[in-house]
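# Breakdown of the fold
As a plain string of letters, each chain reads:
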Amino acid sequence: MHAFEYLRPAEVGQATATVAADPAASFLAGGTTQLDLMKDGVLAPDRLVDITRLPLRGVDRDGDTLVVGALTSMEELAAEPAVAELLPVVHEALLLGASVQLRNMATIGGNLLQRTRCRYFRDPTTPCNKRHRGAGCAALDGVHRGHAVLGTSEHCIATHASDLAVALVALDAAVRVSGPDGGERRVPLTDLYRTPGDTPDVETVLEHGELITAVEVPLLPPGARSHYLKIRDRASYDFALTSVAVALVVEDGVVRRARVGLGGLATVPWRAWAAEDVLLGAPARTDVFHAAGRAALDGAVPRRDNAFKVELGRRALVRALQTVSGVYW
Ligand SMILES: Cc1cc2nc3c(=O)[nH]c(=O)nc-3n(C[C@H](O)[C@H](O)[C@H](O)COP(=O)(O)OP(=O)(O)OC[C@H]3O[C@@H](n4cnc5c(N)ncnc54)[C@H](O)[C@@H]3O)c2cc1C
Ligand code: SF4
């Protein structure tokens, strides 16, 4: 492994300033993605700024919003009573992600900023535009059964891997971000991620040195029901082939509020606005759910081996809507 300097500051300002000052510096949280990529020779930072000593752990309630410290582990957040009781979609997304050992190490901030699992990205001997802009994309004509059909470009078709991000994007969550100059800003999750376009190496709107300090998760309104459905090749633990996060309010048989996120299908955690438009104000019925499924996958661009994901995504959405509404006719 490439030699690097290791630092472990105790203040947020120190951490952000150190990373911002050095283009070859990186944050380290639980390390479950970052260290893997360094061992595989994909990343070679000269300086690693371990943030685990920063006071960014724990969950607070601020009115109707949960404020989750970025260093809270996935397992800690899943065990939080407000999450288990009021946000089933988040609870299920967390517990269907990785294994319990990983979830104990992995932090919420790191989960949202984890890198893709595209096998070519993780193999430095193959061309990958996400590793080196302009290098080419080995997945386009290679093994791409698990790759994206939404939000793709001819430069990259890699999926975003986080389950939690799919649930949070559907809930209108936002991240709090601290910058190297001491400034703070709030970024809605729907604005955080960038589709690849011709710069797949630029994955978010965060500047180098900006640190996620917390995630704001709005609680669902009374009467809402939510669910995370994950379809994967292996039941023990695996990344999503397709996943759906839904939150619905149904009153007198009519959908009064609808939130839909899709995972495993897109280059970013995907908010399915078109499906929500179909659902809103419509009767909660299976034919409407099918119309929402068609709208959600409208514009999908499948390739040789991942065309099955279009139908899988549609059906997964129908099933999730049936489960959450209790309507199967
Ligand atoms: C075998 C395996 C299976 C997995 N399965 C799943 C799965 O099914 N679903 C799923 O969602 N995930 C899965 N994961 C991914 C896992 O959840 C992530 O690796 C983990 O959440 C990353 O968190 P971390 O704290 O370890 O981040 P790190 O590895 O420490 O960091 C990840 C990235 O985020 C940056 N970073 C970390 N924290 C911050 C912050 N606060 N602000 C700014 N930048 C930051 C780091 O610089 C780095 O680039 C799996 C991982 C493995 C190894
Ligand atoms: S799909 Fe994206 S991450 Fe995978 S090889 Fe192509 S450019 Fe790289």
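Residues numbered from 1 in each chain as written. Chains lettered and ligands numbered in written order. Predicted model: local features only at pLDDT ≥ 70, side-chain atom pairs only at ≥ 80, totals over all residues. Heavy atoms only, no water.

The chain appears in an unreviewed UniProt entry as Xanthine dehydrogenase YagS FAD-binding subunit from Allostreptomyces psammosilenae.

This paragraph deals with the pairing of strand 5 (residues 65–69). The buried fraction of strand 5 is high, at 4 of 5 residues. Pairing geometry for strand 4 (residues 59–62) and strand 5, over 4 bridges, is antiparallel. Following the sheet pairing, aspartate 60 is matched in strand 5 by valine 67. Taking the residues that link successive antiparallel strands as the turn, the strand 4-strand 5 hairpin has 2 residues, and the phi of glycine 63 there is positive, at about 60°. Pairing geometry for strand 5 and strand 8 (residues 211–218), over 5 bridges, is antiparallel. Counted as the bridge partner of glycine 69 is alanine 214 from strand 8. (Buried < 20%, exposed > 50% of the residue type's maximum accessible area, 1.4 Å probe, protein only. Helix = DSSP H or I, 4+ residues; strand = E, 2+ residues; numbered from the N terminus. Pairing = 2+ DSSP bridges.)

Time to look at unusual backbone geometry. Notably, aspartate 172 is not glycine yet its phi reads approximately 65°, a positive angle. In this structure, aspartate 172 sits in the loop between helix 8 (163–170) and strand 6 (174–178).

Now for the nonpolar core. One finds Val90, Leu112, Leu168, Val175 and Val215 to be the most contacted residues of the largest nonpolar core, which totals 42 residues. One finds Val246, Val260, Leu265 and Val318 within the second-largest nonpolar core, a separate group that totals 31 residues. (Core = buried A, V, L, I, M, F, W, Y, C linked by side-chain atoms within 4.5 Å.)

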